[in-house]
Amino acid sequence: MKTIATLTMNPTIDVSYEVDSVFHTRKMRTRNERYAPGGGGINVARVFCRLGGTARCYYLSGGATSAALDGLVDMHQLVRTRIPIEHDTRIAAAVLERESGKEYRFTPPGPPVAAEEWQDCLNRLAEADCSHLVASGSLPPGVPSDFYARVVRIMQKRGIRTILDTSGDALKYGLAGGGFLLVKPSLGELRQFVGRDLESVEEIGEAAKAIVDKGQAEFVAVTMGHRGALLAWQKGVLHLPALPIEAKSAVGAGDSFLAAMVYALTVGFEPIQAFRYGMAAGSAAVLTPGTDLAFPEDIDRLFALVAKHDETPSFRS
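Residues numbered from 1 in each chain as written. Predicted model: local features only at pLDDT ≥ 70, side-chain atom pairs only at ≥ 80, totals over all residues. Heavy atoms only, no water.

**A look at the overall build of the protein**
The condition that has to hold: Labels follow the DSSP assignment, with helices taken as runs of H or I lasting at least four residues and strands as runs of E lasting at least two, numbered in each case from the N terminus. The reference for a compact globule is 2.2 Å times residues^0.38; the radius of gyration itself is calculated from the C-alpha atoms. A simple rule labels every residue: compare its accessible area, found with a 1.4 Å probe on the protein chains alone, to the largest value its type can have, and call it buried under 20%, exposed over 50%, or partly exposed in between. We call two residues contacting when some pair of their heavy atoms lies within 4.5 Å.
When you go through the protein residue by residue, the secondary structure sums to 10 helices and 13 strands. Over its C-alpha atoms the protein spans a radius of gyration of 19 Å, differing by no more than 12% from the 20 Å that the globule rule assigns to 317 residues. If one aligns the C-alpha atoms of the protein with their principal axes, the spans along those axes are about 55 × 45 × 40 Å. Scored against the burial criterion, the 317 residues of the protein give a buried share of 53%. For the protein, the share of sequence-separated contacts (at least 6 apart) that also reach a separation of at least 24 residues comes to 66%.

Below, the structure is given as structure tokens:
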């Protein structure tokens, strides 16, 4: 297996707490305080390395919070290339209310990024030594919406396969460039991308398959929460139902899914089996509290359950 790289344009310092009950105005005493390096690409690298792979993290970071993020990345023993920016790295928070079991998540938009800063990122990526690049997460203010399309063009020239996980205009204009190996939208992100409600599995599958048919990606994996996940590729669409597990936190489920699917592809799994492995990892992630991600032992245990499903596509085009 070769080394992959991950790109996080808008990383976070992820903080999580637990409280008994949430009240306005009143000071609430927390417990189980946790800190972790976050943002899509960094999360993917964390799980990918837990599974035995090697990943280099490219990310933008700056200001007073930059050193804290670097320290957290180092604590997780991740290889990193930090692209310096002027403004502060964002801090995101997740609060679990124990009384109700509800989780509240607070995510800032991220720091403004200057043109010379995002251009420096592209220059660094042009020197990346990897077999696959996973570009994951939102774009911070100041970065052009077609940034990921620019990234995939650079990677194509070097024979590096690119995977995309983002939303909104970053997804729309990123996919417009085409050439991705895999794109992984959530159902909500896919609905936003096509501009209409997608209710039935057939409608969701047709929307995902259209991305494949346009040559924008070879595979589209749609994560749908309690409705499971769906994979579209040239030959058709496969939908698998969600596993019956009790969720403790939704943080990092999509990133864990993507990391495991990419890992499986790099070690030679067939795409449908890699999709199953990703689904097991997404399910494993919701078993962990706070900002933690999927662990290999949980992934392998749940993969055995996912693997029982029939491999016949839901429908063929």
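There's more to say after this.
**Things to note about the environment of Ala284**
By the secondary structure assignment, Ala284 is in helix 9 (residues 271-285). Given a relative accessible area of 0%, Ala284 falls into the buried group. As a C-alpha pair, Ala284 and Asp298 span 14 residues in sequence and 5.5 Å in three-dimensional space.

**Points about helix 5 (residues 168-176)**
The condition that has to hold: Arc, as used here, means the arc of the directions from the helix axis to the C-beta atoms.
The complete set of buried residues in helix 5 reads Ala170, Leu171, Gly174 and Leu175. All buried residues of helix 5 lie within an arc of 110° about the axis, which places them on one face of the element. Turning to helix 5, the residues buried within the fold contact helix 4 (147-157), strand 9 (161-165), strand 10 (180-183), helix 6 (187-194) and helix 7 (201-213). Looking one or two places after helix 5, you find Gly178, whose phi comes out positive at around 70°.

**Examining the pattern of salt bridges**
As a reminder, the rule being used: In what follows, salt bridge is the name for a side-chain nitrogen of Lys or Arg lying within 4 Å of a carboxyl oxygen of Asp or Glu.
Taken as a whole and assessed by the stated rule, the structure comprises 11 salt bridges. Residue Arg31 pairs with Asp20 through a salt bridge whose shortest N-O separation is 2.8 Å. One end of the pair, Arg31, is in strand 3 (residues 31-38); the other, Asp20, is in the loop between strand 2 (12-19) and strand 3, and 11 residues separate them in sequence. Arg124 serves as the salt-bridge partner of Asp120, at 3.6 Å between the closest nitrogen and oxygen. With Asp120 and Arg124 both in helix 3 (residues 115-125) and 4 residues apart, the pair spans about one turn of that helix. A relative accessible area of 24% places Asp120 in the partly exposed class. The exposure class assigned to Arg124 is partly exposed, which follows from its relative accessible area of 29%. One network of salt bridges, with partners in common, ties together Asp70, Asp74, Arg80 and Arg82.

**Quick notes on the packing of helix 5 against helix 6**
So the rule is basically this: For helices, the axis comes from a line fit to the C-alpha atoms of the stretch in contact; other axes are also lines fit to C-alpha atoms, and the angle between any two N-to-C directions lies between 0 and 180 degrees. A crossing counts as left-handed when the near helix is turned anticlockwise from the far one by less than a right angle, and as right-handed when that turn is clockwise. Ten residue types, Ala, Val, Leu, Ile, Met, Phe, Trp, Tyr, Cys and Pro, are classed as nonpolar, four, Asp, Glu, Lys and Arg, as charged, and the remainder, Gly among them, as polar.
The geometry of helix 5 relative to helix 6 is characterised by a closest axis approach of 10 Å and an angle of 65° between their N-to-C directions. For the pair helix 5 and helix 6, the sense of crossing is right-handed. Where helix 5 approaches helix 6, its residues Gly168, Leu171, Lys172 and Leu175 are matched on the opposing element by Glu189, Gln192 and Phe193. Tallied by class, the residues present in the contact of helix 5 with helix 6 amount to 3 nonpolar, 2 polar and 2 charged.

**Digging into the packing of helix 3 against helix 4**
Basically, it comes down to this: Any angle from 65 to 115 degrees is called roughly perpendicular, while one under 35 is roughly parallel, one over 145 is roughly antiparallel, and all others are oblique.
Running from N to C, helix 3 and helix 4 point in directions that differ by 20°, and their axes come no closer than 10 Å. Classified by the angle their axes make, helix 3 and helix 4 are roughly parallel. Helix 4 is crossed by helix 3, and the crossing has right-handed handedness. Across from Trp118, Cys121, Leu122 and Leu125 in helix 3, the residues of helix 4 making contact are Phe147, Arg150, Val151, Ile154 and Met155.

**Considering the side chain of Ser256**
Applicable threshold: Whenever a nitrogen or oxygen atom comes within 3.5 Å of another N or O atom, the pair is scored as a polar contact, on the condition that within protein one atom can donate a hydrogen and the other can accept it, and that pairs from neighbouring residues in sequence are kept only if both atoms are in side chains.
The residue Ser256 is located in helix 8 (residues 253-266) in this model. Here Ala294 takes part through its backbone nitrogen, which lies 3.3 Å from a polar atom of the side chain of Ser256. The contacts of Ser256, once residues within four sequence positions are left out, are Val47, Ala281, Gly282, Ala285, Leu293 and Ala294.

**Concerning a negative patch on the surface**
Heads up, the rule is: Here, patches come from residues exposed beyond 30% relative accessible area and free of salt bridges, joined within 9 Å for like charges and within 5 Å for nonpolar side chains (Val, Leu, Ile, Met, Phe, Trp, Tyr). Each accessible area is a Shrake-Rupley result for a 1.4 Å probe, and residues are judged covered by the shown protein chains and nothing else. For the purpose of counting charges, residues Lys and Arg are taken to be positive, whereas Asp and Glu are taken to be negative. His and the chain ends are not included. To locate a charge, the coordinates of NZ of Lys, CZ of Arg, CG of Asp or CD of Glu are taken.
Taken together, the side chains of Asp197, Glu202, Glu203 and Glu206 make up a negatively charged region of the molecular surface. Assignment of secondary structure puts Asp197 in the loop between helix 6 and helix 7.

**A look at the nonpolar core**
What counts, and what does not: What is meant by a nonpolar core is a set of buried Ala, Val, Leu, Ile, Met, Phe, Trp, Tyr and Cys residues, joined one to another through side-chain atoms within 4.5 Å.
By size, the foremost hydrophobic cluster in this structure holds 53 residues, and its most contacted members are Leu182, Leu231, Met261, Phe275, Tyr277 and Ile299. The contact partners of Met261, leaving out residues within four places of it in the chain, are Leu182, Ala221, Leu231, Pro271, Ala274, Phe275 and Gly278. The next biggest cluster of nonpolar side chains, apart from the first, holds 45 residues, and it includes Leu125, Met155, Val183 and Val237.

**Details of the packing of aromatic side chains**
The condition is simple: Aromatic pairing here means that ring centres of Phe, Tyr or Trp (its six-membered ring) are within 6.5 Å. Orientation follows from the plane angle: under 30 degrees is stacked, over 60 is edge-to-face, and everything else is tilted. Here, over-ring charges are defined by two tests on the NZ atom of lysine or the CZ atom of arginine: distance to the ring centre within 6 Å, and angle to the ring normal within 35 degrees.
Applying the stated criterion across every chain yields a total of 7 aromatic pairs. Between Phe269 and Tyr277, the ring centres sit 5.6 Å apart and the planes meet at 55°, which makes this aromatic pair tilted. When its relative accessible area of 30% is taken as the criterion, Phe269 is described as partly exposed. Considering the side-chain rings of Tyr277 and Phe303, the 5.2 Å spacing of their centres and the 85° angle between planes classify their relative orientation as edge-to-face. Taken together, the residues Tyr277 in helix 9 and Phe303 in helix 10 (residues 296-306) connect sequence positions 26 residues apart. Of note, Arg26 hangs over the ring of Phe23, and the distance from its end group to the ring centre comes to 4.1 Å. The ring of Phe295 has Arg50 sitting right over it, with the charged end atom 4.1 Å from the ring centre.

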